[in-house]
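Structural overview for review
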Amino acid sequence: MRHLYLSILSSLLSALSISAGSIAIRQSSTPGKLTVVDGTSAIATIGISTNGGSPFKFDVTSAKVSKISERTYQIDYRITARENSDDARIAIGLSIPMASDFWMIPAISYNGNHWGRGLEPKGAQENGAWRSYSSCRTPIPGAMYSESGNYAFATWANAPANESKRFSCSLQPDSASTRQLILWPEEEQPTMYSARDKYAEPFRRTASLKAGESLDFTIYVNISPREPHHGAIQSFLTDAWSLAKQPKIKIFNVDKLWDLGIRFVKESLWATEGSYRGLSIGLVLNDKGQWKQRDVAKYEIGWCGQNASFAISLMADYLKTGSNESLDKALATLDTWANNCILPNGLFITHYDDILYGTKGVLDGCNLGTAATNFFEAYNMAKQCGANKPNYLKAAYGICDFMLADQQPDGCFGKGWDYDGKCLYREGTIGCFIVPAMIAAYHQSNDNRYLESAKRAFKFYMDELKRNGYSTAGALDTWCIDKESSITLLRSAIRLYRITNDHTYVDDAVLTSYYLSTWLWHYDEKYPKSDVFTRYGYHTFGATSVSTQHHHLDVYALYWVPEWIELAEITGDKQWHDKAMAIWYNSNQLISDGTTKVYDIVRPAGSQNEAYFESYWGFGLDDTVGKEFRRINNWLVAWPCAFRLETIRRSHKYLSQKN
């Protein structure tokens, strides 16, 4: 009877054709095996099989194909064990009889991660064994994407209902074919990436099934015509977001978030040392379990320290509340930097520790671009507060004029310079941090040289993203593919569009936004009741992973919330509004009101930790699978608060309507 049932089922389904244009998915005579066709040509197959381990015999008792969009199909499999098994393993996936010249596991591997000097997983194999990654490491559960011939293919699955139902993914490109496999139960092979540039023993869960017991699996497959600049990811990511289920996350309202942020600046970050009057980079615990300002690499104009951004927020607070303390600390901070850090060649000392201790570090593009952009804004804001500060303009123009002279003929700026103005390295998208500064210089001066420089540089860095499918080297403590560097592409594209009304900049902003979406958590990972995330009510939905070298979540995406709000208004595409709000709610979790305890330690008002370890990866954590991770770290760094205040400044009216 079973074989008769399968024969009837196969006959019925073989007539079914779920199509998108000339592309369709059809049943074959083999139960559970599907064929992807373009017209009459087969371009891929979808099937289910055992995945190593002990022999496991099963039947595919159902394989239902549903069309959920023009190019995405939902496939619901049910399998039934023929006999008892203590090591049941299943592989479901897409087999493409073509090599791939571009492939991606979002937030994990972009064409094999061969760019950069980090020691993160390189390539799809290690010593001949295919790499596999847990679904909890991926921003869309088990997501994989590849481009072969004239087509782009993507596969992913539903978020696991609980930890025991986690699965893994393995993207396997070889010289003549490509496979995208969903693997159950969960595994990470042949090694496990466990901390920055570190590896631990691999693992492979076991699962037992009794004869007659059934399992259900749902996967999604997107098949699209290939598009220039890896643009076919847009179809896959749009549909993946449409399937996302957003949890309810409670956060403080915007006004309270502002007040808590200002308290954190005044009560916890304010620092004086020698000639320094400004803000600390953040708080750590001392040996007695008490909070103290970090005592190394302490004072930074941008990136993690965000002194200039904080000072602008303090001036905004003065204008809002009349607080003289806010204004005094803002001007003291900016004066400290502007009066002591401008070099004769126009460059700017980005770390005040160098002045205090007589050292000379690298002057990086991220800090320099942030400093110049913020000093232009600070000069204008100080005027609103009744203070004339020409040194702020001197600092901003000095950086921009140096970059005008140093910019390469192809538009490239660079990543880092020494004090004498020698460029130490050019490579990496981090140089694009200079572009918003050039745009600000143009607005301040109406000098077209700055605008033309911005356009040339933007084209150089945007062309890299279009060509490579990723951006690079944004995080200063890594040298790899990342998300942070591409925020400047998004921001610059929208600002250039506002100046020129050239809609190609909107297209570039959209392309960049889809790349940024490959780092965005589309689901809420489920953890056991005893897990740290569960105990403190942390949700992964709306978070972003850092880089291919750092597999943890943070709130850096706060920085581009205003851009996605603006992009939604420009394009009419609601997805950018919804993603912006998902980021906003995610990023305001676990902000202390002054009484909040994490690990039984009260956190200062307005503080928030930097890193959330959603997978089997972490700084100094126990790498042994099965033991509890301290998923929430105790590094209360300055930048999340700075970005939150900056985002509120730019989007207060909009955000206040959403709380």
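Preceding this section is the structure that the text describes.
All of the points below concern the structure found in this document. (Residues numbered from 1 in each chain as written. Predicted model: local features only at pLDDT ≥ 70, side-chain atom pairs only at ≥ 80, totals over all residues. Heavy atoms only, no water.)

Turning next to the overall build of the protein. The number of helices and strands found in the protein is 16 helices and 35 strands. For the protein, the C-alpha radius of gyration of 26 Å lies close to 26 Å, the compact-globule estimate for 659 residues. Taking the intrachain contacts of the protein between residues at least 6 apart in sequence as the baseline, contacts between residues at least 24 apart amount to 69%. Taken as a whole, the protein presents about 24200 Å² of accessible surface, with 49% of it coming from carbon and sulfur. Across the protein, the centroid of the 68 positively charged side chains sits 3 Å from that of the 70 negatively charged ones. (Helix = DSSP H or I, 4+ residues; strand = E, 2+ residues; numbered from the N terminus. Rg over C-alpha atoms; globule rule 2.2 N^0.38 Å. Contact = heavy atoms within 4.5 Å. Areas by Shrake-Rupley, 256 points an atom, 1.4 Å probe, with all protein chains shown as cover. Lys, Arg positive; Asp, Glu negative; His and termini not counted. Charge placed at Lys NZ, Arg CZ, Asp CG, Glu CD.)

Read from one edge of the open sheet, seven strands run E5-E6-E21-E14-E13-E8-E9, paired in antiparallel fashion. Since the sheet does not close on itself, it has two edges, and those belong to strand E5 (58-67) and strand E9 (109-110), each with one partner. Inspection of the sheet shows strand E8 (residues 102-105) paired to E9 by two bridges, in the antiparallel sense. What sits directly across from Met104, in E9, is Tyr110. (Pairing = 2+ DSSP bridges.)

Once the charged atoms of two side chains with opposite charge are near each other, the side chains can pair. In total, this model carries 36 salt bridges according to the counting rule given. In this structure, the salt-bridge partner of Asp101 is Arg226, at a minimum N-O distance of 2.5 Å. Here Arg226 lies in the loop between strand E21 (214-225) and helix H2 (233-242) and Asp101 lies in the loop between strand E7 (90-96) and E8, a separation of 125 residues in the sequence. Residue Arg631 pairs with Asp531 through a salt bridge whose shortest N-O separation is 2.9 Å. In this pair, Arg631 sits in the loop between strand E34 (601-602) and strand E35 (636-637) while Asp531 sits in the loop between helix H12 (504-517) and helix H13 (532-536), placing the two residues 100 residues apart along the sequence. Within this structure, Glu163, Arg166, Glu186, Arg205 and Glu525 form a network of salt bridges that share partners. (Salt bridge = Lys/Arg side-chain N within 4 Å of Asp/Glu carboxyl O.)

Another point: H2. For H2, a buried count of seven out of ten residues is recorded, marking the element as mostly surrounded by other parts of the structure. Along H2, the residues that are buried comprise Ile233, Ser235, Phe236, Leu237, Asp239, Ala240 and Trp241. (Buried < 20%, exposed > 50% of the residue type's maximum accessible area, 1.4 Å probe, protein only.)

This brings us to the pairing of strand E23 (residues 276-279). The pairing of strand E22 (residues 270-273) with E23 spans four bridges and is classified as antiparallel. Bridge assignment links Thr272 to a residue of E23, and that residue is Arg277. What sits between the antiparallel neighbours E22 and E23 is a turn of two residues, in which Gly274 has the positive phi angle 60°.

The residue after Trp184, namely Pro185, is reached through a cis peptide bond having omega 0°. For Pro185, the location among the structural elements is in the loop between strand E16 (178-184) and strand E17 (187-188). Here Gln189 and Pro190 are connected by a cis peptide whose omega angle stands at -10°. Here Pro190 lies in the loop between E17 and strand E18 (192-195). Despite not being glycine, Asn111 has its phi angle at roughly 60°, a positive value. Here Asn111 lies in the loop between E9 and strand E10 (125-126). Unlike most non-glycine residues, Asn127 shows phi in positive territory, near 50°.

Before going further, it helps to spend a moment on the packing of helix H14 (residues 561-571) against helix H15 (residues 574-587). Packing of H14 against H15 brings their axes to within 8 Å, and their N-to-C directions diverge by 160°. Accordingly, the angle class assigned to the pair H14 and H15 is roughly antiparallel. Remark: the crossing between H14 and H15 carries left-handed chirality. Residues Val561, Trp564, Ile565, Leu567, Ala568 and Thr571 of H14 form the contact with H15, whose participating residues are Trp576, His577, Lys579, Ala580, Ile583 and Trp584. Classifying every residue of the contact of H14 with H15 by side-chain character gives nine nonpolar, two polar and one charged. (Axes fitted to C-alpha atoms, helices over the stretch in contact; angles between N-to-C directions. Parallel < 35°, antiparallel > 145°, perpendicular 65-115°, else oblique. Left-handed = near helix turned anticlockwise from the far one by under 90°. Nonpolar A, V, L, I, M, F, W, Y, C, P; charged D, E, K, R; others polar.)

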